[in-house]
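# Structural overview
This is what each chain is made of:
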Amino acid sequence: MLDHLATDHAWGDAAASLLATAADDLDAGTPPAPTLLAYRGEEPVAVVTLRPFEPGDLLQALLEVLALLLPLGVDRLALSVSGRAWSLDDPIPPVTDGADLRTRVLLLTFADAHDRPCHTRVEVHPFEDEGDGWCFGPALDIDDAGAADAGLDQALTVLLDGRQELADSTDDRAIAAQLGRVLLLGHMLSLSPTTAEHLQDLVAG
């Protein structure tokens, strides 16, 4: 699905935007959908709800979308995915038949390559149902991204730092084709008016 951005999503408000989107999903009775916010400097370019994917296939879903967005000049990304967390002091995850006692968390990953080599940061927000609504706990910063998902962290760094090479090797027809592929795969895109107009011109051309 392709849509226009309903509101601006400022880079400085990326965490709040992702938490609000996750809260809306939880209030609707569904798990938080994996969500990507993409920016060109301070300019919001796209909000993407990633297609369904199997455990371990998050990076593949991201690659499909970033093959479209990076040639458009995107240099900042904010990603949210939900999961479960437990203490490393526990010898095994506290999971038994019919019960999962691990803490529910929203993992936020920020990758910023605007006017500099890519810098990444990860936050973990525990959340729970307090009866009258969902509550997100304070952010737990993870300086060592390996504690969360080093592979994702490193991949975003490589992709953003190499975005110009990708842009130079991707022509308009390839961008238009990738847009069609992204939509057919089931990703849901909300684009800024400028980006939407540009892509529509490429498709029409």
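So, how was this worked out
Residues numbered from 1 in each chain as written. Predicted model: local features only at pLDDT ≥ 70, side-chain atom pairs only at ≥ 80, totals over all residues. Heavy atoms only, no water. Helix = DSSP H or I, 4+ residues; strand = E, 2+ residues; numbered from the N terminus. Contact = heavy atoms within 4.5 Å. Salt bridge = Lys/Arg side-chain N within 4 Å of Asp/Glu carboxyl O. Buried < 20%, exposed > 50% of the residue type's maximum accessible area, 1.4 Å probe, protein only. Expected span 1.5 Å × (residues − 1). Arc of directions from axis to C-beta. Axes fitted to C-alpha atoms, helices over the stretch in contact; angles between N-to-C directions. Parallel < 35°, antiparallel > 145°, perpendicular 65-115°, else oblique. Left-handed = near helix turned anticlockwise from the far one by under 90°. Nonpolar A, V, L, I, M, F, W, Y, C, P; charged D, E, K, R; others polar. Pairing = 2+ DSSP bridges. Polar contact = N/O pair within 3.5 Å; in protein donor to acceptor, adjacent residues only side chain to side chain. Phe/Tyr/Trp six-rings, centres within 6.5 Å; stacked < 30°, edge-to-face > 60°.

### Considerations on the environment of L166
- Relative to the elements of secondary structure, L166 occurs in helix α4 (residues 163-168).
- Excluding its chain neighbours within four sequence positions, the residues that come into contact with L166 are L66, L70 and P71.

### Overview of the pattern of salt bridges
- Counting across every chain of the model gives six salt bridges.
- The salt bridge partner of E42 is R76, with a shortest N-O separation of 3.0 Å. Of this pair, E42 sits in the loop between β2 (35-40) and β3 (43-49) while R76 sits in strand β4 (residues 76-85); the two residues are 34 residues apart in sequence, bridging distant segments of the chain.
- Of the residues examined, R76 reaches a relative accessible area of 9% and is grouped as buried.
- Measuring nitrogen to oxygen at the nearest pair gives 2.8 Å for the salt bridge that ties E64 to R51. Of this pair, E64 sits in helix α2 (residues 58-69) while R51 sits in the loop between β3 and α2, placing them 13 residues apart in sequence. By the burial criterion, E64 is buried, and R51 matches it.

### Digging into helix α6 (residues 193-204)
- Here α6 contains twelve residues, and its C-alpha end-to-end distance of 16 Å stays within 8% of the 16 Å for a straight helix at 1.5 Å per residue.
- Turning to α6, its buried residues are T195, A196, L199 and L202. Around the axis of α6, the buried residues are gathered within 125° of arc, so they sit on the same side. Turned more than 90 degrees from where α6 packs its buried face, P193, T194, E197, D201 and A204 sit exposed.

### Digging into the packing of α2 against helix α5 (residues 172-185)
- Two numbers describe how α2 lies on α5: the axes approach to 9 Å, and their chain directions differ by 150°. If you check the angle between α2 and α5, you find them roughly antiparallel. In the crossing of α2 with α5, the sense of the turn from one axis to the other is left-handed. Residues E64, V65, A67 and L68 of α2 touch α5, and the partners they reach there are I175, Q178, L179, R181, V182 and L185.
- Per-class residue counts for the contact of α2 with α5 are seven nonpolar, one polar and two charged.

### Concerning the pairing of β2
- Most of β2 is tucked away, with five of its six residues classed as buried.
- Sheet topology note: the β2/β3 ladder contains six bridges and is antiparallel. Bridge pairing in β3 links L36 to V48.

### Some details on the side chain of T35
- Following the sequence through the fold, T35 ends up in strand β2.
- Polar contacts involving the side chain of T35 include one to the main-chain carbonyl oxygen of A33, which spans 2.9 Å.
- Dropping the residues within four chain positions of it, T35 is found in contact with L18, T21, V47, V48, A78, L79 and S80.

### So, the packing of aromatic side chains
- Going through the model one piece at a time under the given rule, you end up with three aromatic pairs.
- Summarising the aromatic geometry, the rings of W11 and Y39 are spaced 5.1 Å apart at their centres and angled 80° between planes, so their arrangement reads as edge-to-face. Taken together, the residues W11 in the loop between β1 (2-4) and α1 (14-27) and Y39 in strand β2 connect sequence positions 28 residues apart. Across the pair, Y39 and W11 agree in class, each one buried.
- Centroid distance W11 to F110: 6.4 Å. Interplanar angle 85°. Geometry classified as edge-to-face. Placement of W11 in the loop between β1 and α1 and of F110 in strand β7 (residues 103-112) is noted, with a sequence separation of 99 residues between them. Both residues of the pair, W11 and F110, count as buried.
- Pairwise contacts between aromatic rings join W11, Y39 and F110 into one cluster.

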